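Listed below, chain by chain, are the residues.
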Amino acid sequence: MFSLKKGRFKTVLFCLNPSGQFLTFTDLLTKSKTMDSTLIRKLPKVELHLHLDTSVHLDLIRKYLIREGKPVPEPLAEFCIAPAKCENLLDYLHKIDVALDALQSPESIEEAAYFLSRRLAENHHIYAEVRYAPHLNNRNGHSVQDILDASLRGFEQGRKDFGVEVGVILCALRHFTPEYNTLVTELAVRNTGKIVGFDLAGDENQSGAGQKAHFDKVHSAGIPITIHAAEAWGPERLAEALDLLHARRIGHGIRLEEDSDLMQRVIDQQIPLELCPTSNVQTNATATIETHPADRYLKAGVAITINTDAYTTTPSDLSGEYELLAGTFGWGLKEIKLTQETAIRNLFVPDGKRKEILAEFHRRWNNVLNEPVVSGF
Ligand SMILES: [Zn+2]
């Protein structure tokens, strides 16, 4: 690197490659194996797949347990953060138990939502869709409506204070009976317009077929649906989500490539996958980050999006996920922008809102890249 040249609209850093040719800042980033982490963090972002109950800061979990009069297991981090490699998804899901013990009042839910908004702002999110199953938070007798309202208040205050907008997705759970999931289905239908989507989460060993009536009802109410599928189970769960449960997006979909016909269909119809790289390794949906299909799927033309899944159970954030992909697969600005634009295209928002978010994304993206380069190489 030998000079900094100020252009009319932007400052451009020039370097020479080994052949003596000039490289611009953008060339460096798109070709570099290790993108600058500060730059990744500053880039604007949206996120489609993030759970509230797995993203509560440890200090808040501790505070809520004490408020609930419950013992705080120590060391708390070991009880709440999943190891780099769990045996399977169920093993990972057990790490949510303590957070759920803690999240049993509207006050806790509201505050957890508010602080998650702050965390999103630290990652320069413009918009995020955050999901949870409110019938896991009603053990103290609070209604699921009170729980939902509390989360909406927390996110609204977060929007005012931190500038990040959050849409709530409600989750039915595979391992709950259809009767018990009625609580969340009816809640969703009653709150059409306040929530943005509906999901099926939980133990993927259970087929979603028994929950079909709920998804018919939610779909009829005009609520968009995403389904966790082909993460802990094979691609047949993904086919079921599309053919039986009205899914417009797929949570994870890691094992899609095991069925080439289905993969071609997903490509042809541009059905988006909500990939969560670190979490996918933790749950053993893929052996290592090197075996993760994100790069293969992107190159094959699958509409992939990159997400975090959790900020606590998975100790990561979206900037960290992109950094990991940059380091593993050599991803640069091109791949980040492409996957972010795919995410925006598939947000559960009206088209007018989508255009606003896309315009804001491009405005902020250009601003970040036009800033003078002061470090990183
Ligand atoms: Zn998930």
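The model shown is predicted, which means the values in this text are computed figures rather than measured ones.

1. What about the coordination of the zinc ion?
For step 1, the next point in the chain: Surrounding the zinc ion are the protein donor atoms H49 (NE2), H51 (NE2), H228 (NE2) and D309 (OD), at 2.1 to 2.6 Å.
For step 2, the next point in the chain: Each of the four donor atoms bound to the zinc ion contributes to angles spanning 81 to 168°, and the resulting shape is irregular.
For step 3, the next point in the chain: If you list the donors of the zinc ion from N- to C-terminus, the spacing comes out as H-x1-H-x176-H-x80-D. Remark: H228 occurs in strand β8 (residues 225–229) and H49 occurs in strand β4 (residues 45–51); sequence separation between them is 179 residues.
For step 4, the next point in the chain: Judged by its relative accessible area of 0%, H49 is buried.

2. Describing helix α16 (residues 333–345)
For step 1, the next point in the chain: Given a rise of 1.5 Å per residue, 13 residues ought to cover 18 Å, and the 18 Å separating the end C-alpha atoms of α16 matches this to within 8%.
For step 2, the next point in the chain: Within α16, burial applies to L333, E335, I336, T339, Q340, T342, A343 and I344.

3. Regarding the packing of aromatic side chains
For step 1, the next point in the chain: Summed over the entire model, instances satisfying the criterion amount to five aromatic pairs.
For step 2, the next point in the chain: Geometrically, the ring pair formed by Y114 and F115 is edge-to-face, given 5.4 Å between the ring centres and 85° between the ring planes.
For step 3, the next point in the chain: Relative to W365, the ring of F361 has its centre 5.4 Å away and its plane inclined at 40°; by these criteria the two rings are tilted. Note that F361 and W365 are positioned in helix α17 (residues 351–370) at a spacing of four residues, about one turn of the helix. With respect to burial, F361 and W365 carry one shared label: buried.

4. What about the pairing of strand β9 (residues 249–252)?
Along a regular strand, successive side chains alternate from one face of the sheet to the other.
For step 1, the next point in the chain: Pairing of β8 with β9, which is carried by four bridges, proceeds in the parallel orientation. Within the sheet, the bridge partner assigned to A229 lies in β9 and is H252.
For step 2, the next point in the chain: Handedness of the β8-helix α11 (residues 236–243)-β9 crossover: right-handed.
For step 3, the next point in the chain: Sheet topology note: the β9/strand β10 (residues 273–275) ladder contains two bridges and is parallel. Its bridge partner lying in β10, G251 is registered against E274.
For step 4, the next point in the chain: Assessed by its sense of winding, the connection that carries the chain from β9 through helix α12 (residues 260–268) to β10 is right-handed.

Calculation notes
- Residues numbered from 1 in each chain as written.
- Predicted model: local features only at pLDDT ≥ 70, side-chain atom pairs only at ≥ 80, totals over all residues.
- Heavy atoms only, no water.
- Donors = N, O, S within 2.8 Å, 3.2 Å for Na, K, Ca; no water.
- Tetrahedral: all angles 85-135°; square planar, octahedral: opposite > 155°, others 65-115°.
- Helix = DSSP H or I, 4+ residues; strand = E, 2+ residues; numbered from the N terminus.
- Buried < 20%, exposed > 50% of the residue type's maximum accessible area, 1.4 Å probe, protein only.
- Expected span 1.5 Å × (residues − 1).
- Phe/Tyr/Trp six-rings, centres within 6.5 Å; stacked < 30°, edge-to-face > 60°.
- Pairing = 2+ DSSP bridges.
- Right-handed = clockwise from strand over helix to strand, strands pointing away.

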